[in-house]
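Secondary and tertiary structure notes
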Amino acid sequence: MENTDPSLLPSIIFTTAAQLVDCVDKKLLVVLRDGRKLIGILRSFDQYANLVLQDTIERIIVESMYSDIQRGVYIVRGENVVLVGEIVTFDLLLTYFNSKDPEKENSIPLKEVSLDEIYAAQQDEIDNRRRRELTKNSKLIDIGFSIDTQQEDMY
């Protein structure tokens, strides 16, 4: 007779880091708490979901533009990870959906730009966000709300 008592299940089922076993040696997108996006090959991890990424690039995305910065081997502390996802190539997606549509291959909505352009666009985006926040906060203060101005991270 099989034992179905859930308290006797292996503890590996309950650890989030254990879900990374299938991702070793695969290309991943890792989103960090501060909003950075890293793309690299997962080489190792531990029980705290600390990650070792190889051939890592940091991708900066602003509106419909992006730019990549080569980072090499990157160690990420697990508490800073918000999202981990496997990157699937377009060819693999076509195989999965069993349809070869050449029009979709060139329909990537992002345009690659230089680092100088992306940094300028990123700074504009930060300035616009700050202006909107100040306007919103002043209106909330006018109607009697208290504003939390501490912003350590995005999440």
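Let me begin by describing the structure that accompanies this report. (Residues numbered from 1 in each chain as written. Predicted model: local features only at pLDDT ≥ 70, side-chain atom pairs only at ≥ 80, totals over all residues. Heavy atoms only, no water.)

1. Focus on the sheet that holds strand β5 (residues 81-86)
Definition in use: Any two strands with at least two DSSP bridges between them are considered paired. A helix here means a DSSP run of H or I that spans at least four residues, while a strand means a run of E at least two residues long, and both kinds are numbered starting from the N terminus. Contacts: residue pairs with any heavy atoms within 4.5 Å of one another. To get an axis, fit a line to the C-alpha atoms, keeping to the stretch in contact for a helix; angles then go from 0 to 180 degrees between the N-to-C directions.
The 6 strands are arranged β5-β1-β2-β3-β4-β6 in an open sheet whose pairing can be described as mixed. On the outer flanks of this sheet lie β5 and β6 (111-112), each paired with one strand and no other. Two elements, strand β1 (residues 27-32) and β5, share 5 bridges in a ladder whose sense is antiparallel. Opposite Leu32, over in β5, you have Val81 as the bridge partner. Lying over the sheet, helix α3 (residues 115-142) contacts β3 (51-62) and β4 (65-76), oriented at roughly 95° with respect to β4.

2. Here's the deal with the side chain of Thr56
The line we're drawing: The cut-offs for exposure are 20% and 50% of the maximum accessible area for each residue type, with area from a 1.4 Å probe on protein chains only; residues under the lower value are buried, those over the upper are exposed, and the others partly exposed.
Among the secondary structure elements, Thr56 is positioned in strand β3. We classify Thr56 as buried; its relative accessible area is 0%.

3. What about the pairing of β1?
As judged from the 5 bridges shared by β1 and strand β2 (residues 37-45), these two strands associate in the antiparallel manner. Bridged to Val30 within β2 is Leu38.

4. Structural notes on the layout of surface pockets
To keep things clear, this is the line we draw: Note on definitions: the grid is 1 Å and covers protein atoms alone; a cavity is a set of points where a 1.4 Å probe fits but cannot get out; a pocket is an open set with protein on both sides within 12 Å along at least five of seven lines; lining residues have an atom within 4 Å of a point. Grid points are joined across faces, edges and corners, and a volume is the space filled by probe spheres set on the points. Ten residues, namely Ala, Val, Leu, Ile, Met, Phe, Trp, Tyr, Cys and Pro, are considered nonpolar, four, namely Asp, Glu, Lys and Arg, are considered charged, and the remaining ones, Gly among them, are considered polar.
Of the pockets and cavities examined, the second largest pocket occupies roughly 210 Å³. Lining the second largest pocket are Lys27, Leu29, Val31, Lys37, Ile39, Arg59, Ile61 and Ile87. Of all elements in the fold, only β1, β2 and β3 reach the threshold of two or more residues within the lining of the second largest pocket. The leading source of residues in the lining of the second largest pocket is β1, at 3 residues. Classifying every residue of the lining of the second largest pocket gives 5 nonpolar, no polar and 3 charged.

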